[in-house]
Amino acid sequence: MSYADAQYQEAYEPQGQNNSMTIDEMRILHRTALAEAESKRTELRLVLASRYRELVGSSDEVISMKERAEELNALVIALPELVERVVQSADASDARGSTEKLTPHISPKGEGKDEKESSLVAVRSELSRLPREIHRCLDDKNVHGAAAALISLFEVISSRSKSYPLANLLSGSEQIPDNITNSPLLETQMRMVYLHVQTLPARVEKLARRVLLQSAAKHGGARGTAAALSALDLLDVGRQKNAAPSSGPSQFTSRSTKLIDLYYESKAQLLNKLLNRLTLPTSVSAADATSVANSAEFILSKIVLILQYDVILHPYQIFVQRNFPVTNAHEKDVTEEAKTKNKKIVNDIMSSMPRFDSDLLKSKASRFLAAHLPLIRTKVKSVLMIIAGTTASKLGQIRQSLYDKTDGIECMNALDSSGVCTWDEAVSGMVDIRVVSHGTSFAPAVDSGKLSIGDDQGVAASNGHNGQQLGSSRRFSLWGALFSNTFSSLVHSLLTTSFHSVHARVVSTLRTSLARAPPFEYMLPHEAHRNALRIATDLDASLRKVSDDAHELLVHAEEREESERRLRQSLYVQTCEIMGRLLNELRRMLLVKQKEEDAIKELIVGRLCHLLKFRLASLPNLLDPKSSPAVLAGLGGGKSTGMISLMELSSSFDLADDDDDGLISIEEAMEAMESAFSGTHFQGAEMVRDTLLLSTTQSAAGDAANGVTNRTNGSFVPNKQSSAPQNVTLSELALLSAKGLRHDASGPQSALGTVQSSLDEIVTRCFKVWAQAALSPPLKSFRTKLRETIEVSSTVSDFEWRRMNGLIDKDDDDLLKEIHDPTTFNDGLTQRQKIVVGHLSPHFLSYLLAVATVLNRSICPADSLPPIPSLDYARALGICFSEEEETVNMMVTIRGSLLGEAVQSMSRSLKEEICNMHGTADKSEILKQCSPSSLIQLLMDVKFVNRCFFERNRNGFLSTSDFIDDSRGIMAQLSQMLSDSVNTAVEDGLSIDRAISERHSQIFVSCGLFLSSIFGEDDDDKISPLSDSVSNGVKGTPLLLSSSLVTNPLASSRRFTLLPIQAEKSLTELQLRGRYGKKVREEKESNKDVSSGNALGSGFGFLSSMLSTKTR
């Protein structure tokens, strides 16, 4: 047995030889088998029963078919007899006609009999012909011909009998002559014909309504529409009821009004059907975007054709001119015979319809457009928004296509080529501009330069302002009524959404960077630079991409100038708003409280704002002064009415700023904006709420959890514990209100200048706070040491002070004698003593070196690079640099902030310690308590600080504000006080000054490598080595200078060495192969003269072979 047979047997033998079953299992198996057999029997009975029922039904149908076949057979058998009788009747009528010609004088009784017979034959002939004609017309979709034939047929029937109410009603005949007698054969024929055609009026009416529910431009044209209207009018039962002669003109008025209402109701149903088809899903994938856009474009094209032909052109031709083109051929290509035929067709159709009132028709068409244009516009905008969310380029193609099909040259030629009327004639006869434009944004005569893109307030104001100009000068245009403002508003909405997305992405990235930043002391400068550079670069790329995508919508050349003007205005306004919103966000982020010595947020935000000043290369194009709303309104032929100046906004801001801190709350800002824009069509409070996205942030404020990561649509939503105050500055309001504000063309009050000045303020503030946090630890040490030094100087003797500072070199015995000698006590400053000028105080120098250390560890090589490639680039960004000024790069900014904080903290510390020592403000009393040597030391320290920051400093400070002048005054005052005290204590003050200057020079020479990084290079500080003692003397007393213990380091021309550039891996491998291959060849040549037992040679060769193998 094969393997397959074994499988087959195993599959169909549930119990093998080795298996056994219990009695219970056998009983269960038996019951299961019986149940399955019973179910199978039941199923079989049901199947047989259903088949039996089907067989019985089929038998009944067969019997019915047999009966119908027998009836048909009987009729066919009787047909020859009927035909024979008809032929006999025809022969008899012919014979009577010939008899009449041969015997013209017949009795009147015979003549009347013949007339009756001839009339019967004519009636029977019509009864045979008209049904066939009706069916031919129905087959050709000629509803007018079918209706006319039906009316003729019913007139024949109603003229012979009153037994058919539908025929009597449609024919309009109410009485039948008494001398009418019908033969049984005619009665039978009339009855058969009536029964055959009694359902055709409803069918014809249904076909006519179906014609009206189709676009005439694609199906039948004006001829089909007129034929359908004529058929409905002919088959209207009410028409015959009102056909009495006494009804007069009112009967025609009622018919015309009814037809017009019926026509526009059909077109309304057609438009609603297409609008329902135009509804797209809320989310469309990128793969289905093209098909969805094509479908939307197809439906929009249909809607445009319906509005052009079915609503305006064809009704004017049919109802007003009572003439329409029968064929689509050009009038020049139609022959005279065809013209005559076409004219007959037009007359046949129009003769059955009443006269129409042109004013009534114009009112009806205008109200129809006024009701449906807003619906179409709203639906179109929603659909285009969905399409624009997937593919903006397709939106531009749709715009071009719609313009070509509404106001394009080919479209206008097609509308004017009917030969009956032109498009302008039809529009003037069918459209009332006042009615159509009422309650809509359609205003062709209004200068669009006065309107802000997507601003309904501007539209309403302009409509109200130009309400008296809605005369004949205005021209109706479907493009202007449906798509022009729609696309402009759509572009504005798309730009608003895009700019909101850009803002949200930038703020989210920044907050993520701040949340993931390491502690302040571990932050590396190149990491901070990289993160800030990424955010600035992404923001510039996003702004440029939004601008490029928006310009893709400017496709058609006919409206390029107007569309580009509107787009540039919208880009200008949206860019001002996003920059104002971003600046407000960055400034308020700095107001959130944090630890004193943690300024990581200020460091990153400051670097970001510094890069934003120079990296936003797209701002000059987006904030072009020629694109501002005020300038474009002037170029468009209008005036910048309804717009305010910065001075007016500043006045309202100053009134709201009670504490004069340059900040006002959101509520105060709304009131100030309402006050500034009072008398204009702008709503100041709504402008603030929309631009700052307050509607979304306020609703989400309750869900905020912390002050770092919470955001809603890109707007920061802080919590109650660490929330930043909701306030704005004047510069931010000037940017947020760009829609209604007149900016200067250039300078600090221009849009670009406002952005740059705001960024400068944030940069200055950030690095000022950062410098305070960075220098806080060395400043604490400096203040502690300074306080200890002044306390010691005012409490110990001069000799003790010199001994404590290592300025004496006597033996211990002499020192003890000196200590116990009462003449050496500090009992007066006039006592002649041996004066020794020491070194600069360590805490002063250590603090300055700490400043240099902070500078060196806070910058990277990229910070020393110039931020701008040229001066023209800087001027384009609104930054004013002269050729003599130094470029303010990040190195200059950080160094200037550190120098400003250092001089301010040192001057303030010196003032506090010297002036407020021992709780007294009398500085002379404090200095009188100090020894001469300590006064000289303090004078040297103060002069060194003054010399470093105000004489030696070649780099300047970050900002020349008032605190720099205050520090300068404090240091000058302290220097003068200490000089006076020293001159009082010693007689040769000039030698002291010269010795102090030499000590300063020694410090600059020994520490120049570090101090030059913060104060700059100075060749005057390079002096020759000094001797250990200089005989200056104070009245013959030699002035001793202690020797310098500091070894001068080598000067360095660079702060950072050049970093190597990573080469390509393949290139590196090739270089290594060549290098080691050459080395192997040289070693082989050198090893020819060396014995093989040389261990060094063999070992080197082995290592070389290993290196060669590794590099392959």
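For every chain, the first residue of the written sequence is number 1, and numbering continues from 1 along that sequence. Where totals are concerned, whole chains, interfaces and linings use all residues; where local detail is concerned, this predicted model gives features only for residues with pLDDT of at least 70, and gives and counts side-chain atom pairs only at 80 or more. Values reported for side chains reflect all heavy atoms of the structure, with hydrogen atoms and water molecules removed beforehand.

Caption draft 1: Representation of the overall build of the protein chain. Helix and strand content of the protein chain: 43 helices and nine strands. Three exposure classes are used, based on accessible area relative to the maximum for each residue type with a 1.4 Å probe and protein chains only: buried under 20%, partly exposed in between, and exposed over 50%. A buried classification covers 44% of the 1112 residues belonging to the protein chain. Taking all contacts inside the protein chain whose residues are at least 6 apart in sequence as the whole, residues at least 24 apart take part in 79%. Exposure was quantified through the Shrake-Rupley algorithm and a 1.4 Å probe, taking into account, for residues, occlusion by the shown protein chains and nothing else. Accessible area for the protein chain stands at about 58,900 Å²; split by element, carbon and sulfur atoms hold 53% of it. By the criteria applied, helices consist of DSSP H or I runs no shorter than four residues and strands consist of E runs no shorter than two, each listed in order from the N terminus. The contact criterion used throughout is that any non-hydrogen atoms of two residues lie within 4.5 Å.

Caption draft 2: Layout of the side chain of Ser909. Tracing the sequence through the fold places Ser909 in helix α36 (residues 890–915). What makes Ser909 buried here is its relative accessible area of 1%. Each polar contact in these results corresponds to two N or O atoms within 3.5 Å; when the atoms are within protein, one needs to be able to donate a hydrogen and the other to accept it, and residues that are neighboring in sequence are counted only if both atoms are side-chain atoms. Side chain to side chain, Ser909 and Arg783 meet in a polar contact 2.8 Å long. Once residues within four sequence positions are removed from consideration, Ser909 is found in contact with Leu779, Phe782, Arg783 and Leu786.

Caption draft 3: Broad picture of the environment of Ser907. Position of Ser907 relative to the elements: it lies in helix α36. Residue contacts for Ser907: discarding those within four places in its chain leaves Ser967, Ile970 and Met971.

Caption draft 4: Structural view of a negative patch on the surface. On the surface, Asp654, Asp658, Asp659, Asp660 and Asp661 cluster together into a patch of negative charge. Summarising the element assignment, Asp660 is placed in the loop between α25 (646–656) and β2 (664–665). Under the relative-accessibility criterion, Asp660 is labelled exposed at 65%. Grouping into patches uses exposed residues only, defined as over 30% relative accessible area, and leaves out salt-bridged ones; the cut-off is 9 Å for like charges and 5 Å for nonpolar side chains (Val, Leu, Ile, Met, Phe, Trp, Tyr). A pair is scored as a salt bridge if a Lys or Arg side-chain nitrogen falls within 4 Å of a carboxyl oxygen belonging to Asp or Glu. For the purpose of counting charges, residues Lys and Arg are taken to be positive, whereas Asp and Glu are taken to be negative. His and the chain ends are not included. Where a charge lies is defined by one atom per residue type: Lys uses NZ, Arg uses CZ, Asp uses CG and Glu uses CD.

Caption draft 5: How the structure looks around the state of the cysteines. We call a pair of cysteine sulfur atoms a disulfide when they lie within 2.5 Å. Taken as a whole and assessed by the stated rule, the structure comprises zero disulfides. A disulfide-free cysteine, Cys766 has its sulfur positioned 5.7 Å from the sulfur of Cys609, the nearest such atom. The class of Cys766 is buried, set by a relative accessible area of 0%.

Caption draft 6: Structural detail: the nonpolar core. Buried residues of nine kinds, namely Ala, Val, Leu, Ile, Met, Phe, Trp, Tyr and Cys, make up a nonpolar core once their side-chain atoms join them within 4.5 Å. Membership of the largest hydrophobic core comes to 115 residues, with the highest contact counts inside it found for Leu586, Leu612, Trp770, Leu898, Phe949 and Leu1011. Looking at this core, the element that brings in the most residues is helix α30 (residues 751–774), giving twelve residues. Sequence-distant contacts of Phe949, that is, excluding residues within four places in its chain, are made with Leu848, Leu899, Ala902, Val903, Met906, Phe957 and Phe1015.

Caption draft 7: Fine view of the packing of helix α7 (residues 200–212) against helix α8 (residues 221–234). Contact geometry of α7 with α8 gives a least axis separation of 9 Å together with a crossing angle of 145°. Here α7 runs over α8; the crossing is left-handed. Where α7 approaches α8, its residues Val204, Glu205, Ala208, Arg209, Val211 and Leu212 are matched on the opposing element by Gly224, Thr225, Ala228, Leu229, Ala231 and Leu232. Residues belonging to the contact of α7 with α8 are distributed by class as follows: eight nonpolar, two polar and two charged. Axes here refer to lines fitted to C-alpha atoms; in helices the fit is confined to the stretch in contact. Angles between the N-to-C directions go from 0 to 180 degrees. For any pair of crossing helices, the crossing counts as left-handed if the nearer helix is rotated counterclockwise from the farther one by less than a right angle, and right-handed if it is rotated clockwise. Residues are grouped as follows: Ala, Val, Leu, Ile, Met, Phe, Trp, Tyr, Cys and Pro are nonpolar; Asp, Glu, Lys and Arg are charged; all remaining types, including Gly, are polar.

Caption draft 8: Representation of a positive patch on the surface. A contiguous patch of positive charge, built from Lys141, Arg203, Lys206 and Arg210, is present on the exposed surface. Turning to its location among the elements, Lys141 is positioned in the loop between α3 (108–139) and α4 (143–158).

Caption draft 9: Representation of the pattern of salt bridges within the structure. Applying the stated criterion across every chain, the model contains 23 salt bridges. Asp540 serves as the salt-bridge partner of Arg544, at 2.9 Å between the closest nitrogen and oxygen. Taken as a pair, Arg544 and Asp540 lie in helix α20 (residues 525–551) at a separation of four residues, close to a single helical turn. Here Arg544 falls in the partly exposed class, since its relative accessible area comes to 35%. Glu585 serves as the salt-bridge partner of Arg588, at 3.4 Å between the closest nitrogen and oxygen. With Arg588 and Glu585 both in helix α21 (residues 560–589) and three residues apart, this pair spans about one turn of that helix. Each of the two residues, Arg588 as well as Glu585, counts as buried. Taken together, the shared-partner salt bridges connect Glu67, Arg68 and Glu71 into one network.

Caption draft 10: Structural context of the packing of aromatic side chains. Only rings of Phe, Tyr and Trp enter the pairing, Trp through its six-membered ring, and a pair is recorded when the two centres are within 6.5 Å. The plane angle decides the type: under 30 degrees is stacked, over 60 is edge-to-face, the rest tilted. Taken as a whole and assessed by the stated rule, the structure comprises 15 aromatic pairs. Aromatic side chains Phe782 and Phe844 sit 5.0 Å apart centroid to centroid with 90° between the ring planes, which places their arrangement in the edge-to-face category. In this pair, Phe782 is assigned in helix α31 (residues 776–793) and Phe844 in helix α34 (residues 842–857), connecting sequence segments 62 residues apart. As far as burial versus exposure is concerned, Phe782 and Phe844 are alike and both buried. On the basis of an interplanar angle of 90° and a centroid distance of 5.3 Å, the ring pair of Phe949 and Phe1015 is categorised as edge-to-face.

Caption draft 11: Main features of α34. Here α34 spans 22 Å end to end across 16 residues, near enough to the 22 Å set by a 1.5 Å rise per residue. Within α34, the full set of buried residues consists of His843, Phe844, Leu845, Tyr847, Leu848, Ala850, Val851, Ala852, Val854 and Leu855. The span expected for a helix works out to 1.5 Å for each residue beyond the first.

Caption draft 12: Focus on the packing of α4 against α8. In contact at an axis separation of 7 Å, α4 and α8 are set at 20° when each is read in the N-to-C sense. Taken together, the axes of α4 and α8 lie roughly parallel to each other. Relative to α8, α4 is oriented so that their crossing is left-handed. Contact residues: Val143, His144, Ala147, Ala148 and Ile151 in α4; Ala227, Ala228, Ser230, Ala231 and Leu234 in α8. For the contact of α4 with α8, the residue count by class is eight nonpolar, two polar and no charged. Roughly parallel means an angle under 35 degrees; roughly antiparallel, over 145; roughly perpendicular, 65 to 115; everything else is oblique.

Caption draft 13: Inspection of helix α22 (residues 600–615) at higher detail. The end-to-end C-alpha distance of α22, which contains 16 residues, comes to 22 Å, matching closely the 22 Å that a straight helix rising 1.5 Å per residue would cover. With 15 of 16 residues buried, α22 is to be regarded as a mostly interior element.

Caption draft 14: Quick peek at the confidence of the model for the protein chain. Confidence of the prediction at every residue is given by pLDDT, a number between 0 and 100. This prediction gives the protein chain a mean pLDDT of 75; 71% of its residues lie at or above 70. Long-range and interchain partners of residues 696–722, a stretch whose pLDDT sits below 50, account for 52 contacts in this model, where long-range means more than four residues apart. Long-range and interchain partners of residues 1090–1112, a stretch whose pLDDT sits below 50, account for eleven contacts in this model, where long-range means more than four residues apart.

Caption draft 15: The arrangement of a nonpolar patch on the surface in detail. Residues Leu79, Leu82, Val83 and Val87 make up a contiguous nonpolar surface patch of roughly 330 Å² in combined accessible area. Turning to its location among the elements, Leu79 is positioned in helix α2 (residues 23–102).

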